[in-house]
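A closer look at the structure
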Amino acid sequence: MKFLNLFLLAIPVSIFFHLADSSPILAFLTACLSIIPLSGYMGKATEEIAIYVGPSIGGLLNATFGNAAELIITLFALKSGLVEVVKASITGSIIGNLLLVLGLSMLLGGFKFKTQKFNRAAAGMHTSMLLLAVTGLIIPAVFLNNHSNPAAEPLSLGVAAVLILIYLLSLLFSLHTHKDVFRPSQEHSGTPQWTRLKALLILLAATIFVVIESEFLVSGIEPVVNTLGISELFIGVIIIPIIGNAAEHTTSVMMALKNKMEISLEIAIGSSTQIALFVAPLLVFIGYLSGHPIDLLFTSYELVVIILGTVITAIISMDGRSNWLEGAQLLASYVIMAIAFLFV
Amino acid sequence: MKFLNLFLLAIPVSIFFHLADSSPILAFLTACLSIIPLSGYMGKATEEIAIYVGPSIGGLLNATFGNAAELIITLFALKSGLVEVVKASITGSIIGNLLLVLGLSMLLGGFKFKTQKFNRAAAGMHTSMLLLAVTGLIIPAVFLNNHSNPAAEPLSLGVAAVLILIYLLSLLFSLHTHKDVFRPSQEHSGTPQWTRLKALLILLAATIFVVIESEFLVSGIEPVVNTLGISELFIGVIIIPIIGNAAEHTTSVMMALKNKMEISLEIAIGSSTQIALFVAPLLVFIGYLSGHPIDLLFTSYELVVIILGTVITAIISMDGRSNWLEGAQLLASYVIMAIAFLFV
Amino acid sequence: MKFLNLFLLAIPVSIFFHLADSSPILAFLTACLSIIPLSGYMGKATEEIAIYVGPSIGGLLNATFGNAAELIITLFALKSGLVEVVKASITGSIIGNLLLVLGLSMLLGGFKFKTQKFNRAAAGMHTSMLLLAVTGLIIPAVFLNNHSNPAAEPLSLGVAAVLILIYLLSLLFSLHTHKDVFRPSQEHSGTPQWTRLKALLILLAATIFVVIESEFLVSGIEPVVNTLGISELFIGVIIIPIIGNAAEHTTSVMMALKNKMEISLEIAIGSSTQIALFVAPLLVFIGYLSGHPIDLLFTSYELVVIILGTVITAIISMDGRSNWLEGAQLLASYVIMAIAFLFV
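Below is a short write-up of the structure. (Residues numbered from 1 in each chain as written. Chains lettered and ligands numbered in written order. Predicted model: local features only at pLDDT ≥ 70, side-chain atom pairs only at ≥ 80, totals over all residues. Heavy atoms only, no water.)

**Quick look at the interface of chain C and chain B**
- Counting residues at the interface gives 29 residues for chain C, matched by 31 residues for chain B.
- Per-residue buried area on chain C facing chain B is highest for Trp324(C), Ile336(C) and Phe343(C); these three make up 24% of the total on that side.
- For the pair chain C and chain B, the number of links is zero salt bridges.
- For the interface between chain C and chain B, the tally reads three residue pairs in polar contact (both at pLDDT 80 or more).
- Sorting the residues of the side of chain C that touches chain B by element identifies α11 (300-317) and α12 (324-343) of chain C as the ones contributing at least two each.
- It is α12(C) that contributes the most residues to the side of chain C that touches chain B, 14 residues altogether.
- Residue composition of the side of chain C that touches chain B, by class: 21 nonpolar, five polar and three charged. (Contact = heavy atoms within 4.5 Å. Buried area = accessible area lost by both parts, 1.4 Å probe. Salt bridge = Lys/Arg side-chain N within 4 Å of Asp/Glu carboxyl O. Polar contact = N/O pair within 3.5 Å; in protein donor to acceptor, adjacent residues only side chain to side chain. Helix = DSSP H or I, 4+ residues; strand = E, 2+ residues; numbered from the N terminus. Nonpolar A, V, L, I, M, F, W, Y, C, P; charged D, E, K, R; others polar.)

Here it is, written out as structure tokens:
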């Protein structure tokens, strides 16, 4: 993870390009680069604080702020009225975590270990959670064909409420009533490496910079679309999720290389579930309250990749074993989808 | 189950409202209430008779008349030309049994027992049966986009014939060649509680009243739609299946509370399968012969909820274990679907 | 398998009808019949040669030429501009192998043995491969609604490249890094029954006749469509795959009757995977290079049957056991689909 720190150098550069107002595309690119280590520091600092406050509140902290960097980027996109980018990045986070992160982890882990095993019960729990989330994301789009339908807002709010409720119940389940099923997640707690103060200060600094860079990134989207000919959809589905999750990707792969596939799985599938059950509904509520309404009516492209990504991951993780070919299959699915999003 | 007997008082009230011809809505509501215990008595009496005639013919009886109350309601709806209500109630029975009944059973059972186990082989058998049924319900709608297609009738009849054939083969399988796989179902036979005559008389009386109340219910649908603004689709998908299956719901939950999750599963998934493989095709044939034709072309809303309901149930039941969160997930899926049907 | 040799008599008859130029329909029918044993000899000869050249190259040979007869027929169809027939026969081969071949094997094997077991790991590997293939076939059609979209060609080529790459990786996996997972496949190697020369000569002769008969078959499609009123779609989805795979069907059923369900499964699912990951992408490349372009945009009918066929097979094979009812379920799904294709 240490080489990612190099990207911190992109922070001053992006600020320069933004202030100089000469090249929004370079500001966009450097902002992208800088967010990679920043989101990593946000995650690491949250985990450290979580250790100090104990497993229950700590688990809650991790669960709530695990995707904070991404939430900040999407909030800025929402504020700028880039509703489609927001929904695309939700889609992209889900398939990115399921196919790219898990695929890379299984592939590289599989090069080192012939077969890697993990707890089927935990995998099954994640999978059924994901399916429920997918149900919540599919139903509104299928029932109301277009956004101008007056029922789009109340239906989205209703579905969002159910999804958040289930998310809270799942926290109760994994942190309280059935915490033994998710034992492996405690492994990456252990003893803190930072002092309480250091963790808080780093979290604060990283968050401030993420906010700044997110604004640069979002204000660079339109110039990038106009100049480079990349679609908003592609930026939302492929680029933003890769940036926002890069740090987690690294951790997941490192765990796979240590033969702790269980933790890789939890990071990848858990992060997808969190996006679908917590971040997406939260955006609906924030959008509604802040006057930048966003509904849950995804495009048919998005629905198809979410469904396929979920089903493939479910089938591959269901047997509690993985190998390099399964990793390659997940990656191939991701590449096929990415190519298709390029051509839309 | 005993408190449901109170609803029997709704019988005279519904008759009064119907004869008075003043309030079709109140007649509808009281008819709904009265059908709840009546369908329970039909089911109970059928089971009692099944014990007297021995396991083979008894199993056949249970399998054929298990959803008799619902069949009667839908036949009256069909006679009144409410074809969409009939198809909606088929959809609703499938998702109601899979998500509402099974969800409630797993939730309440899971509050009492941390993890409940059941036979994976039987669950797998039910699931693949369900998938086949779903195939039969999806294919006609996808291949023929609209009902005015002249092929809608012959295709529906052909598919219905295949589905009923497979249903008969599945009876041969579970009652004859592989009866040991479904052993648990024998547990709720045991010794009869009623005499043969009592069982027959109760079956007769309950059936007569169900017929009467079904007519009240069906003739109340139009006034309810016009006055209360609830759609026919919602009545068909949500209300009718809840009434028609209420007694079974109670039994399924009670079995879960006794930690007999296997029987809960059999009631819930078995009932869905029966609706899809036997009741739906039977309605196609009866409709064809009686001059009130009904095809198997479901709406895209119905198809999506049937598919999602089946896949979620398959994934959740595949590991042979359940807990309260899985129950909550099934219920949440049902609630999301119900909200969506409200807004269509 | 020996009685299939009788169909070799159809070779001279088909040549006569073709040269006489009087009855293209009879030429079509006799060509169909003659291809059944010929494709069987191609497969058998390939297997024999594979034994001589050793497991690695032999496995490669089997994997590459396993569906050679079908590839030849579709190449002729492609040359004649029957692009829809080609895509329909890809669809038909996939569902034919999954539902018809596997269904028949499980049904007949299940009549003889109450429960048949097979290796879940291998079944799971095939299933996830199949899902990936299905992803590659679904994505282009969903993202680009119609063939006139200029992106249809580059997207199809890109997806085809990814699919072939994964196919090659899967060969590396099953023949090299994880060959122990697929142990059963070695069982039908054993000692060769033919000499090297005999095998080569038979392969050569069978291939030449398949080429000739394929031309007769393809040139008879139009007259058959015009005279008998069967659609091109039906010929492509149902008739061509049955002819092209008849020999494999026989082998698969025979293995099931010997209680070697593992080999049946490998033949059926493996053949489907090969069609989707190797034959279909190869056709895209050959079509592109030869100026008879073909894209991967399947119709919604085809997508639905491919998806349903894959999911049903996945669910049924996931528990590592089969019985006659599961076979009947697969067959029933096939029959429902075939009826639907008749009516389109």
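**Quick look at the nonpolar core**
- Of all hydrophobic cores here, the largest spans 348 residues; its most connected members are Ile139(A), Leu217(A), Ile139(B), Leu217(B), Ile139(C) and Leu217(C).
- Dropping the residues within four chain positions of it, Ile139(A) is found in contact with Val304(B), Val305(B), Leu308(B), Ile336(B), Met337(B) and Ala340(B).
- In this structure, Ala45(A), Ile49(A), Ala199(A) and Ile202(A) belong to the second largest nonpolar core, which totals five residues. (Core = buried A, V, L, I, M, F, W, Y, C linked by side-chain atoms within 4.5 Å. Buried < 20%, exposed > 50% of the residue type's maximum accessible area, 1.4 Å probe, protein only.)

**A word on the relation of the copies chain C and chain B**
- Between chain C and chain B, the superposition needs a rotation of 120 degrees and an axial shift of 0.0 Å, giving an RMSD of 0.0 Å. Overall, the copies show the geometry of a three-fold rotation axis.
- The share of interface residues of chain C whose copies in chain B are also at the interface is only 7%, consistent with the copies meeting through different surfaces. (Least-squares fit on C-alpha atoms with pLDDT ≥ 70 in both.)

**Let's talk about the interface of chain A and chain C**
- Taken together, the contact pairs 29 residues of chain A with 31 residues of chain C.
- Its largest share of buried area at the contact with chain C, chain A owes to Trp324(A), Ile336(A) and Phe343(A), together 24% of the area lost on that side.
- Taken together, the connections running from chain A to chain C amount to zero salt bridges.
- Applying the counting criterion to the chain A and chain C interface returns three residue pairs in polar contact (both at pLDDT 80 or more).
- Of all the secondary-structure elements, those providing two or more residues to the side of chain A that touches chain C are α11 (300-317) and α12 (324-343) of chain A.
- Among the elements that make up the side of chain A that touches chain C, the one with the highest residue count is α12(A) (14 residues).
- Grouping the constituent residues of the side of chain A that touches chain C by class yields 21 nonpolar, five polar and three charged.

**Examining the packing of aromatic side chains**
- Applying the stated criterion across every chain yields a total of 21 aromatic pairs over all chains.
- Seen from their ring centres, Phe16(B) and Phe17(B) are 5.6 Å apart, and the 65 degrees between their planes marks the pair as edge-to-face.
- Arranged with centres 6.5 Å apart and planes meeting at 20 degrees, the rings of Tyr41(C) and Trp194(C) form a pair that is stacked. Note that Tyr41(C) is positioned in helix α2 (residues 24-52) and Trp194(C) in the loop between α7 (152-177) and α8 (196-228), a separation of 153 residues in sequence.
- Members of the aromatic cluster, connected to one another through ring pairs, are Phe111(A), Trp324(A) and Phe173(C).
- A cation over an aromatic ring shows up here: Lys44(A) above the ring of Trp194(A), its NZ or CZ 5.5 Å from the ring centre. (Phe/Tyr/Trp six-rings, centres within 6.5 Å; stacked < 30°, edge-to-face > 60°. Lys NZ or Arg CZ within 6 Å of the ring centre and 35° of its normal.)

**Some details on the pattern of salt bridges**
- If you walk through the whole model with that rule in mind, you get nine salt bridges over all chains.
- The shortest N-O distance in the salt bridge between Glu84(A) and Lys87(A) comes to 3.9 Å. You can see Glu84(A) and its partner Lys87(A) sitting in helix α5 (residues 83-112), three residues apart, about one turn around the helix.
- Across the pair Lys87(C) and Asp295(C) runs a salt bridge, and its minimum N-O distance is 2.9 Å. Of this pair, Lys87(C) sits in helix α5 (residues 83-112) while Asp295(C) sits in the loop between α10 (261-290) and α11; the two residues are 208 residues apart in sequence, bridging distant segments of the chain.
- A relative accessible area of 1% means that Lys87(C) is categorised as buried.
- Owing to a relative accessible area of 14%, Asp295(C) belongs among the buried residues under this scheme.
- Through salt bridges that share partners, Glu84(A), Lys87(A) and Asp295(A) make up one connected network.

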